[in-house]
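Descriptive analysis of the structure
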Amino acid sequence: MSRDVLGLMVGMALGFAGWFGGFGAFLLVGSLGGLGYAAGRYAERGGDLRDLLIAERRHR
């Protein structure tokens, strides 16, 4: 999927969230989308998401 189509879909999702759910829903969708993007980018570059969870448990 090209980046422009992905950007269009993200923009539409944020627009629908803002229209139907208000500003709070807009922020929630935006922040969860950003976290999903970061996790996917990390996994795409060869990282294992389980390593992040294990590192979190070691600090406790």
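You'll find the structure just up there.
Attention in this report is confined to the structure presented alongside it.

The rules behind each value
- Residues numbered from 1 in each chain as written.
- Predicted model: local features only at pLDDT ≥ 70, side-chain atom pairs only at ≥ 80, totals over all residues.
- Heavy atoms only, no water.
- Helix = DSSP H or I, 4+ residues; strand = E, 2+ residues; numbered from the N terminus.
- Buried < 20%, exposed > 50% of the residue type's maximum accessible area, 1.4 Å probe, protein only.
- Areas by Shrake-Rupley, 256 points an atom, 1.4 Å probe, with all protein chains shown as cover.
- Contact = heavy atoms within 4.5 Å.
- 1 Å grid on protein atoms, 1.4 Å probe; cavity = no way out; pocket = protein on both sides within 12 Å on 5 of 7 lines; lining within 4 Å.
- Points joined across faces, edges and corners; volume = space filled by probe spheres on them.
- Nonpolar A, V, L, I, M, F, W, Y, C, P; charged D, E, K, R; others polar.
- Expected span 1.5 Å × (residues − 1).
- Bend = angle between axes of the 7 residues up to and from the residue.

**Examining the overall build of the protein**
Counting its regular elements, the protein contains 2 helices and 0 strands. Per-residue burial for the protein yields a buried fraction of 2% across its 60 residues. Taken as a whole, the protein presents about 5,300 Å² of accessible surface, with 67% of it coming from carbon and sulfur.

**A short note on the environment of Ala-17**
Inspection of the secondary structure puts Ala-17 in helix 1 (residues 3–44). Put simply, Ala-17 and Val-29 are 12 residues apart on the chain and 7.0 Å apart in space, counted from C-alpha to C-alpha. Sequence-distant contacts of Ala-17, that is, excluding residues within four places in its chain, are made with Gly-22, Ala-25, Phe-26 and Val-29.

**Notes on the layout of surface pockets**
Taken as a whole, the largest pocket encloses approximately 320 Å³ of empty space. Residue classes in the lining of the largest pocket are distributed as 7 nonpolar, 5 polar and 3 charged.

**Describing helix 1**
Taking 1.5 Å of rise per residue, the 42 residues of helix 1 would be expected to cover 62 Å, yet its terminal C-alpha atoms sit only 15 Å apart, more than 12% below that figure. By the largest-angle criterion, Gly-21 marks the main kink of helix 1, which is about 145°. Positive backbone phi, at 105°, marks Gly-46, one or two positions downstream of helix 1.

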